[in-house]
Amino acid sequence: MTCPSQQDLQQLYDGELPSDQIASVQSHVEVCPACTAALAELRMISDLVRSAPLPEPALLAIQRWQRTLSSVQERSVRRLASWMTAAASVVLAVSLYASLSNQARASAITLAEWETAVIGIDADATTSDQATAQWIATDLSRSLVGQNQSQSASPRQNEAP
Ligand SMILES: [Zn+2]
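*Asks:* Can you help me understand the overall build of the protein chain in this one?
*Replies:* Within the protein chain, the secondary structure is distributed over seven helices and zero strands. Listing every helix and strand of the protein chain by position from the N terminus yields α-α-α-α-α-α-α. Within the protein chain, buried positions represent 7% of all 161 residues. The contacts in the protein chain between residues at least 6 apart in sequence include a share of 62% that link residues at least 24 apart.

Written out as structure tokens, the structure reads:
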């Protein structure tokens, strides 16, 4: 005989299984270690929930935390989107540099640091936003200049005929 579904076992445990199915499911459970274990698990979970009810204040705190988290995430996404305009040329330069130099891994590490900075930003500090955006641009251009210095001459020498 095949095992009854998890739903059938749940209904058997809850006493909600249709009366014409109780006998067959029950007699199966008695000889099936897997279903016996599943039923014991249902009983254990049920006992845990009953013995440790979640206090309402804790539930409210969790809901508040979830709302705060989602609103912070929304703000971070919006902020990141607004940065994209200012940083677009820098990002383009990084992408171009990565494809040319085949050092995509180094760029990926830099982008991960951006993400950390974006998430870590204080939600309402706009000056901090600007400072971070400036930091991103400065940091990237510095790393680009640093990488290119060994390969090319200085701009002044390039301009000379
Ligand atoms: Zn079974």
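On we go from here.
*Asks:* Would you take a moment to explain the environment of Ala38 for this structure?
*Replies:* Counting through the fold element by element, Ala38 comes out in helix α3 (residues 33-51). The exposure class assigned to Ala38 is partly exposed, which follows from the 18 C-beta atoms found within 10 Å. Separated by 28 residues in sequence, Ala38 and Gln10 place their C-alpha atoms 9.2 Å apart.

*Asks:* Hey, could you run me through the confidence of the model for the protein chain in this one?
*Replies:* Any residue range with low pLDDT should be treated as having predicted coordinates unsuitable for detailed reading. Chain-level statistics for the protein chain give a pLDDT mean of 70 and a share of 47% at 70 or above. Considering each helix and strand of the protein chain separately, the mean pLDDT is smallest for helix α7 (residues 155-159), with a value of 51, and largest for helix α2 (residues 19-31), with 94.

*Asks:* What exactly am I supposed to notice about the packing of helix α1 (residues 6-14) against α3 here?
*Replies:* Each pair of packed helices can be summarised by the angle the axes make with each other and by the distance between the axes. Put simply, α1 and α3 touch, their axes get as near as 10 Å, and they point 55 degrees apart. Taken together, α1 and α3 sit at an angle that is classed as oblique. The two elements α1 and α3 meet at a crossing, and its hand is right-handed. In this structure, α1 contributes Leu9, Gln10 and Tyr13 to the contact, and α3 contributes Cys35, Ala38, Leu39, Leu42 and Arg43. For the contact of α1 with α3, the residue count by class is six nonpolar, one polar and one charged.

*Asks:* How should I be thinking about the nonpolar core in this particular structure?
*Replies:* When a protein is soluble and globular, its nonpolar side chains tend to lie buried together. Formed by Leu9, Leu12, Leu17, Val25, Val29 and Cys35, the largest nonpolar core amounts to six residues. Listing elements by their share of this core, those giving two or more residues are α1 and α2. Not counting the four nearest positions on each side in its chain, Leu17 is found in contact with Asp8, Gln11, Leu12, Ile22 and Val25.

*Asks:* I keep staring at the environment of Gln11 and nothing clicks. Help me out?
*Replies:* Inspection of the secondary structure assignment puts Gln11 in helix α1. Gln11 sits eleven residues away from Ile22 along the chain, and the two C-alpha atoms are 9.4 Å apart. Sequence-distant contacts of Gln11, that is, excluding residues within four places in its chain, are made with Glu16 and Leu17.

*Asks:* Explain α1 here, please?
*Replies:* Three or four residues apart is the spacing at which side chains of an α-helix point the same way, because the helix has 3.6 residues per turn. Along α1, the residues classified as buried are Asp8, Leu9 and Leu12. For α1, the angular spread of the buried residues around the axis is 100 degrees, confining them to a single face. Along α1, the residues that are exposed and aim more than 90 degrees away from the buried face are Gln6, Gln7 and Asp14. Looking at the buried residues of α1, the elements they touch are α2 and α3. Positive phi appears at Gly15, one or two residues downstream of α1, with a value of about 75 degrees.

What counts and what doesn't
Residues numbered from 1 in each chain as written. Predicted model: local features only at pLDDT ≥ 70, side-chain atom pairs only at ≥ 80, totals over all residues. Helix = DSSP H or I, 4+ residues; strand = E, 2+ residues; numbered from the N terminus. Buried ≥ 20, exposed ≤ 12 C-beta atoms within 10 Å, placed from the backbone. Contact = placed C-beta atoms within 7 Å. pLDDT = per-residue confidence, 0-100. Axes fitted to C-alpha atoms, helices over the stretch in contact; angles between N-to-C directions. Parallel < 35°, antiparallel > 145°, perpendicular 65-115°, else oblique. Left-handed = near helix turned anticlockwise from the far one by under 90°. Nonpolar A, V, L, I, M, F, W, Y, C, P; charged D, E, K, R; others polar. Core = buried A, V, L, I, M, F, W, Y, C linked by C-beta atoms within 7 Å. Arc of directions from axis to C-beta.

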